[in-house]
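Chain by chain, the residues:
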Amino acid sequence: VVYWAQHTPSPGAGLCAWWVADVFCNAGLGNVPGNACDMYANYCFSSNRSNLKTGMIIAVSSHPFTSAGAIYGHVGIYVGGGTVMDNIGYIRTCSADYWINFYNSTVTPRWGWAKGIVLSYRPPLSPLLRLSTGRFCGRFFHAITQRLPHFRKTHRPVFYTDLHDNHFRKETLC
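Cut-offs applied
- Residues numbered from 1 in each chain as written.
- Predicted model: local features only at pLDDT ≥ 70, side-chain atom pairs only at ≥ 80, totals over all residues.
- Heavy atoms only, no water.
- Phe/Tyr/Trp six-rings, centres within 6.5 Å; stacked < 30°, edge-to-face > 60°.
- Buried < 20%, exposed > 50% of the residue type's maximum accessible area, 1.4 Å probe, protein only.
- Helix = DSSP H or I, 4+ residues; strand = E, 2+ residues; numbered from the N terminus.
- Lys NZ or Arg CZ within 6 Å of the ring centre and 35° of its normal.
- pLDDT = per-residue confidence, 0-100.
- Contact = heavy atoms within 4.5 Å.

Student: Whenever I open this one, the packing of aromatic side chains confuses me. Can you help?
Tutor: Pairs of aromatic rings are described using the distance from one ring centre to the other and the angle between the two planes. Taken as a whole and judged by the stated rule, the model has 6 aromatic pairs. Judged by centre distance (5.1 Å) and plane angle (90°), the rings of Y3 and W4 are edge-to-face. Using a relative accessible area of 31% as the deciding quantity, one classes W4 as partly exposed. On the numbers, 4.6 Å between centres and 45° between planes, the contact of W99 with Y103 is tilted. With W99 and Y103 both in helix 5 (residues 96–103) and 4 residues apart, the pair spans about one turn of that helix. Among the residues examined, W99 registers a relative accessible area of 0% and is labelled buried. Looking at Y103, the relative accessible area reads 4%, which means it is buried. For R110, the ring lying beneath its charged end belongs to Y40, and the centroid distance is 3.9 Å.

Take a look at the structure:
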């Protein structure tokens, strides 16, 4: 996600959630639907800074600085090292402290895992299965299963979804 945050262009001013969705889609994690207010309500549950991890979205449901922000809020991505990237008509990089203090005027900024996918959690999977969430990985898995039919019966691409409070659900892609 960090790589794609650094390489995904701005879709335009007032489209912060669109940019976040583009980043996650480009990273092969699928669409993150909704505006910043929706992302805040659906995925951002913590305001404890010790819970802020690389790859989390950080959002507010409203802010007073633009008319769109008052209605739809604002969202960015924490890229680690105390840094947030967001779209404000261009892709901005600023400190997490600045972002949190700036947007803290109307509602408390919160953060969480988009779609509940914990990006920093590394379950003990085989190297092939660790690759399974990338864009090319589905094709790679398909190529392997075509050459090794018995592999299809015993292996499935897997990812883990954080249901809440670090309780994980194992999901397969095939």
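Student: Looking at this structure, I do not really get the confidence of the model for the protein. What am I missing?
Tutor: Low pLDDT means the predicted coordinates in that region are not meant to be read closely. Per-residue pLDDT for the protein averages 80, and the proportion of residues at 70 or more is 68%. Every residue in residues 123–145 is under pLDDT 50, and counting partners more than four places away or in other chains gives 33 contacts. Contacts of residues 147–163 to residues separated by more than four positions or lying in other chains number 51 contacts, the stretch itself having pLDDT below 50.

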